Amino acid sequence: MRSYRTTRRAVGLLAAAALGTGLLSACASDDDDGGSKADSGDGGGGKTTITMGLFGTFGFKEAGLYDEYEKLNPDITIKETVIERNENYYPQLLNHLTSDSGLADVQAIEVANIAEIVDTQADKFMDLSEVKGVSEEDYLPWKWQMGSTSDGKLVGLDSDIGPMAVCYRKDHFEAAGLPTERDEVSKLWEGDWQKYLDVGRDFQKKAPDGVAWADAAGGVYNAAVSSNETRYYDEDGEVIYNESPGVQESWEIASTAAEEKLTGNLQQFTKGWDQAMSNGDFATVSCPPWMLGYIADKGGEKAMGKWDVAQAPVPGNWGGSFFGVPEAAENKEEAAEFVAWLFAPEQQAKLFAERGSFPSTPSAYEMDSVKSATNEYFGDAPIGEIFATAAEGTPVQIIGPKDQVIAENIANGLRLVEQGKEDADGAWDSTADAVDNALDR
Amino acid sequence: MTQTGSTAAAPPSAEGGAAPPARRAAARDPRKTWRSRRYRWDAKFSPYAFISPFFLFFVAFGLFPLLYTAWASLHRVELTAPTDMEWAGLHNYSRLLEDDFFWNSLWVTFVLAVISTVPQLLMALGLAHLLNYKMRASAFFRVAMLAPYATSVAAATLVFAMLYGRDYGIINWVLGQFGVGEIDWQAGDWTSRIAVASIVIWRWTGYNTLIYLAAMQAVPQDLYESASLDGASRWQQFLHVTIPSLRPTILFTVVVSTIGSVQLFGEPLLFDETKGATGGADHQFQTLGLYMYEQGWRNLHLGRAAAIAWVMFLILVVIGVINALIARRLRKS
């Protein structure tokens, strides 16, 4: 009886011990994963895993840049985690930064957020200007400045820029009796967004059924406002969106387009927009180089060769990102070296050739792979030349910490006009209310 | 009342009478005292130890966040620097009074609560009544009822958002067959609310049906028998036997559904095509939960978001109190 009891107790103890060690070892292996200095086992030097925190589609992996770097540096592996939309990615990044945990070794920062990051989180990031292989002369001065603090610390290294052109459907243009050749199309609206609107009116009179001139009022606004130097903030960092002429004129153009039903009443990057693109429901869309791949993906075989690219009335810049290495990152030295390599002119040129992200390094514009780049899907348009020209004409924008919130609310206001819920003036008042509420003014 | 009280109190006093000799005996032997004391402590404290995990978790993940949110709501706090708190007193609350977006979201929440809860509970009641009949494959129907409840909010909402699509959605296509023109479900004030409410109704009707069904099966059969002897029709039986017996259950489902409606978040968030927090361009389906999310995670004002969270909590407390009052009245009648 007694011995039975002791055995039972012994078994119980053993079980508890086994469970305990099991838990401990589970923790330990967790640490290995998180610590990312996973040993390769044979003592031939540890391998370092650099983690990338990204949003959207940058396409570094698809362009083979990770593989290339891993080949150059055999003791490094690169992993990425991607969140689709920046407005979901950004709050999480802030959360991680303020708690110093959960950060990737490299974090992407969208241009609409860079001012806020530089303003409020600069001490959480490494100074990348000190890193070997990074030299200021390689980069566009205005883009470099956006990523640095006033005392010259480089918080985010810039990866690309987004000079905008207009992508248009040749078949719809032909049906409406407009020229289809890209230089002639560029001339139609050269120099003034108002002309783009006028051509749109002509187009709409003779357009095929169900085809709108532009995809979305928000898209037209975004393209027009981006061609202005001053948008939501003045040079002193004051919010001036409600008196800024650039915003007023762009709102005027976009809301007129909406009221006259020149737009497809769509929202960019939604399912409806994708479907409209594959069915050819709109004739023009303002496109930065990184959007070409998206249009080709959604348009598919059906629209192959029907698109072309012309110059925008006045070119603006949309997008282009920055990459920072958080101080709290696991492998920040290795990560900084990798970032320096990844965004050097040669690699930016490669990324453009593969994925269409336009380099922020002027020396890349002279490289053959950029200069003579054409895009088969867009009727062999010389996109290298087109976007380089656009980039030259792009003004240096004054950016502010709340650019994204203001722009989102304005786009929302334009939806009200498109949906016929309010006229342009009423929608502007609603928009101003929403922006002031969001900014806590 | 006094009568029963005194009889109930009698047994313990008899036990108490027996206790003194035992205590005297224990005093004689210190080892026995120790043991009996341990037994007493065991009986006294181990229940607390057993229930403590729940309360520890509740303190860590329920009470602390609640109090910290209250503290944060009295400050200006931004997500860019959550540790820099600047005292703001009740400003975050007082500004809500004149905040049109807040009143709009309160109104939307109320409307959605009504148009989702009322049809849902009525349908659940009817379905439960039908399922309560003897029929073939009743187990199958009961499981089928619960299937929507087992799907995730996100999956269900994304599918519904596609069904309600303006240009290529099935619902518009079907309506088109009957000559109804294209409806922009998301854009309209009421169309969008009806669409969101339909997602809620689809997910929760089955759940409430099963609750009603369980309650119906507990209604004594003799009540129905005597009712039918009195010549009551099926419908009369339903009205005068089933419904009164179900009153406490109905109250329970009303309260649970109302709480769910006040917290409505996933459906309106994902119904919007951009997954934005504004609940449509005109904020036409922005609920309190969405407005809180917009303030905290889009506009980065954590203090204001915390104040909205607390207002939501207070609304729920009020609903709870009303529920308690009604329940007490029901019990009395």
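Note that this is a predicted model, so its numbers are computed, not measured.

Asks: Could you clarify how one ought to interpret the overall build of chain A in this entry?
Replies: When its secondary structure is counted, chain A shows 19 helices and nine strands. The contacts in chain A between residues at least 6 apart in sequence include a share of 74% that link residues at least 24 apart. When the accessible surface of chain A is split by element, carbon and sulfur atoms take 48% of a total near 19000 Å².

Asks: Is there a simple way to think about the nonpolar core in this case?
Replies: Here is a general trend for soluble globular proteins: nonpolar side chains tend to be buried in one another's company. One finds Met52(A), Phe60(A), Trp213(A), Trp307(A) and Val309(A) to be the most contacted residues of the largest nonpolar core, which totals 142 residues. Each of domain 1 (48-161 + 320-365) and domain 2 (165-315 + 386-439) of chain A contributes no fewer than three residues to this core. Setting aside residues no more than four positions away along its own chain, Met52(A) makes contact with Phe60(A), Tyr66(A), Ile78(A), Lys79(A), Glu80(A), Thr81(A), Ala104(A), Val106(A), Phe323(A), Phe338(A) and Leu342(A). Within the second largest apolar cluster, 15 residues are counted, among which are Ala124(B), Tyr212(B), Tyr224(B) and Leu246(B).

Asks: Sorry, what's going on with the pairing of strand β9 (residues 321-324) of chain A here?
Replies: For a regular strand, the rule is simple: side chains alternate between the two faces of the sheet. Residues and elements named next belong to chain A. The side-chain alternation of β9 yields two buried faces, one formed by Ser 321 and Phe 323 and the other by Phe 322 and Gly 324. As judged from the two bridges shared by strand β4 (residues 157-158) and β9, these two strands associate in the antiparallel manner. From the neighbouring strand, Asp 158 faces β9, where its bridge partner is Phe 322.

Asks: Got a minute to help me understand the sheet that holds strand β6 (residues 212-214) of chain A in this structure?
Replies: To summarise the sheet geometry, strands pair through backbone hydrogen bonds and adopt either a parallel or an antiparallel arrangement. All names here are of chain A. Spatial strand order, β6-β7-β5-β8: four strands in an open sheet with mixed pairing. Pairing within the sheet leaves two strands with one partner each, and these edge strands are β6 and β8 (307-311). Here the strands of the sheet are splayed against their neighbours by 20° on average, with no regard to which way each runs. Summarising the sheet, strand β5 (residues 165-169) and strand β7 (residues 282-287) pair through four bridges and their orientation is antiparallel. Each bridged residue has a counterpart across the sheet, and for Ala 165 the counterpart in β7 is Cys 287. With respect to the sheet, helix α12 (residues 289-299) is in contact with β5, β7 and β8, its orientation differing from that of β7 by roughly 145°.

Asks: Whenever I open this one, the domain arrangement of chain A confuses me. Can you help?
Replies: Size of an interface: often given as the accessible area lost when the parts come together. Residue and element names in this part refer to chain A. We note that the domain assignment places domain 1 (48-161 + 320-365) and domain 2 (165-315 + 386-439) within chain A. If you average the C-alpha positions of domain 1 and of domain 2, the two centres end up 28 Å apart. Each partner contributes residues to the interface: domain 1 has 16 residues there, and domain 2 has 15 residues. Roughly 1400 Å² is buried in total at the junction of domain 1 and domain 2, and carbon and sulfur atoms are behind 61% of that figure.

Asks: Please explain the interface of chain A and chain B as it appears in this structure.
Replies: With 36 residues of chain A in contact, the opposing surface of chain B contributes 33 residues. Contact between chain A and chain B buries roughly 2700 Å² in total, counting both sides, with carbon and sulfur atoms accounting for 44%. If you sort the residues of chain A by the area they bury against chain B, Lys421(A), Asn437(A) and Asp440(A) come out on top, with a joint share of 21%. Between Arg95(B) and Asp440(A) there is a salt bridge whose closest N-O contact spans 2.4 Å. Counting across the chain A and chain B interface gives 16 residue pairs in polar contact (both at pLDDT 80 or more). Among the elements of the structure, α3 (86-99), α4 (111-120), α11 (271-279), α18 (403-418) and α19 (424-439) of chain A are those that each provide at least two residues to the side of chain A that touches chain B. Looking at the side of chain A that touches chain B, the element that brings in the most residues is α3(A), giving seven residues.

Asks: I'm lost on the side chain of Asn222(A) in this one. Help?
Replies: The topology assignment puts Asn222(A) in helix α9 (residues 217-225). Contact partners of Asn222(A), with chain neighbours within four places excluded, come to Met164(A) and Trp318(A).

Asks: Could you clarify how one ought to interpret helix α2 (residues 30-73) of chain B in this entry?
Replies: What sets the pattern is the α-helix's 3.6 residues per turn: residues three or four places apart point alike. Residues and elements named next belong to chain B. A bend of about 50° at Ser 52 is the largest found in α2, and the proline Pro 53 appears one to four places after it. If you check which residues of α2 are buried, you get Ser 46, Ala 70, Ala 72 and Ser 73. Taken together, the buried residues of α2 touch β1 (75-78), β2 (81-87), α3 (91-97) and α13 (302-332).

Asks: Explain the confidence of the model for chain B here, please?
Replies: Residues and elements named next belong to chain B. Chain-level pLDDT for chain B is 88 on average; 92% of the residues reach the 70-or-more range. Contacts for the low-pLDDT stretch residues 1-20, under 50 throughout, to residues beyond four places or in other chains number zero contacts. In the model output, the complex is listed with pTM 0.83 alongside ipTM 0.82.

Asks: Is there a simple way to explain the packing of α11(A) against α12(A) in this structure?
Replies: Packed helices, taken two at a time, are described by their axes: the angle between them and the distance between them. All names here are of chain A. One way to put it is that α11 packs onto α12 with a least axis distance of 8 Å and a crossing angle of 70°. The orientation of α11 relative to α12 falls into the category roughly perpendicular. Contacts from Trp 273, Asp 274, Met 277 and Ser 278 in α11 reach Met 291, Tyr 294, Ile 295, Lys 298 and Gly 299 in α12. The residue inventory of the contact of α11 with α12, partitioned by class, reads five nonpolar, two polar and two charged.

Asks: Explain a negative patch on the surface to me, please; I cannot follow it from the model alone.
Replies: A surface patch of like charges, here negative, comprises Asp192(A), Glu249(A), Glu252(A), Glu259(A), Asp423(A), Asp425(A), Asp429(A), Asp433(A) and Asp100(B). Mapped onto the negative patch, the elements with two or more residues apiece are α10 (245-259) and α19 of chain A. Residue position: Glu259(A) is located in helix α10. Given a relative accessible area of 42%, Glu259(A) falls into the partly exposed group.

Calculation notes
Residues numbered from 1 in each chain as written. Chains lettered and ligands numbered in written order. Predicted model: local features only at pLDDT ≥ 70, side-chain atom pairs only at ≥ 80, totals over all residues. Heavy atoms only, no water. Helix = DSSP H or I, 4+ residues; strand = E, 2+ residues; numbered from the N terminus. Contact = heavy atoms within 4.5 Å. Areas by Shrake-Rupley, 256 points an atom, 1.4 Å probe, with all protein chains shown as cover. Core = buried A, V, L, I, M, F, W, Y, C linked by side-chain atoms within 4.5 Å. Buried < 20%, exposed > 50% of the residue type's maximum accessible area, 1.4 Å probe, protein only. Domains from an automatic or database assignment. Pairing = 2+ DSSP bridges. Axes fitted to C-alpha atoms, helices over the stretch in contact; angles between N-to-C directions. Buried area = accessible area lost by both parts, 1.4 Å probe. Salt bridge = Lys/Arg side-chain N within 4 Å of Asp/Glu carboxyl O. Polar contact = N/O pair within 3.5 Å; in protein donor to acceptor, adjacent residues only side chain to side chain. Bend = angle between axes of the 7 residues up to and from the residue. pLDDT = per-residue confidence, 0-100. Parallel < 35°, antiparallel > 145°, perpendicular 65-115°, else oblique. Nonpolar A, V, L, I, M, F, W, Y, C, P; charged D, E, K, R; others polar. Patch = residues over 30% accessible without salt bridge, like charges linked within 9 Å, V, L, I, M, F, W, Y side chains within 5 Å. Lys, Arg positive; Asp, Glu negative; His and termini not counted. Charge placed at Lys NZ, Arg CZ, Asp CG, Glu CD.

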